[in-house]
Amino acid sequence: MLLDVTLKIIAYLRTTTRLRTLSLKAQKIKCCEVGCMLNYKDDIDLIQFKFCHLPQFLPPKVQKGRFKKVSLKRIFYLSIIPILQRLYAYVKFARDIK
Ligand SMILES: [Zn+2]
């Protein structure tokens, strides 16, 4: 169990380091724990999910009068368009891709 968590942390750090070196940024999208929907664009500020009616955020922790909404689950989306644009920008690699 602890080894799995450690391996996941190492994989996460490697991935974020690679993304940073390529200067690509992943988009964080809030989603339901059960998997019924993604909260994207117009649905970002919903308190509950539309279909399962589970809460979207953890109960607020009041700290000095301010609190931050923390979502229960989120995914990281990495668009393929900037990756392909960079790949095809190098003529050397573009010849091998066809
Ligand atoms: Zn749901």
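Below, the structure is looked at part by part. (Residues numbered from 1 in each chain as written. Predicted model: local features only at pLDDT ≥ 70, side-chain atom pairs only at ≥ 80, totals over all residues.)

Between its first and last C-alpha atoms helix α1 (residues 2–21) spans 29 Å; for 20 residues at 1.5 Å apiece the expected length is 28 Å, and the two agree. Counting buried positions along α1 gives zero out of 20 residues, so the element sits mostly on the surface. Phi turns positive, to about 55°, at Ser-23, one or two residues after α1. (Helix = DSSP H or I, 4+ residues; strand = E, 2+ residues; numbered from the N terminus. Expected span 1.5 Å × (residues − 1). Buried ≥ 20, exposed ≤ 12 C-beta atoms within 10 Å, placed from the backbone.)

What follows concerns unusual backbone geometry. Of note in the backbone geometry, His-53 takes a positive phi value of approximately 60° without being a glycine. Turning to its location among the elements, His-53 is positioned in the loop between β2 (38–39) and β3 (74–77). Assessed through the 9 C-beta atoms surrounding it within 10 Å, His-53 is described here as exposed.

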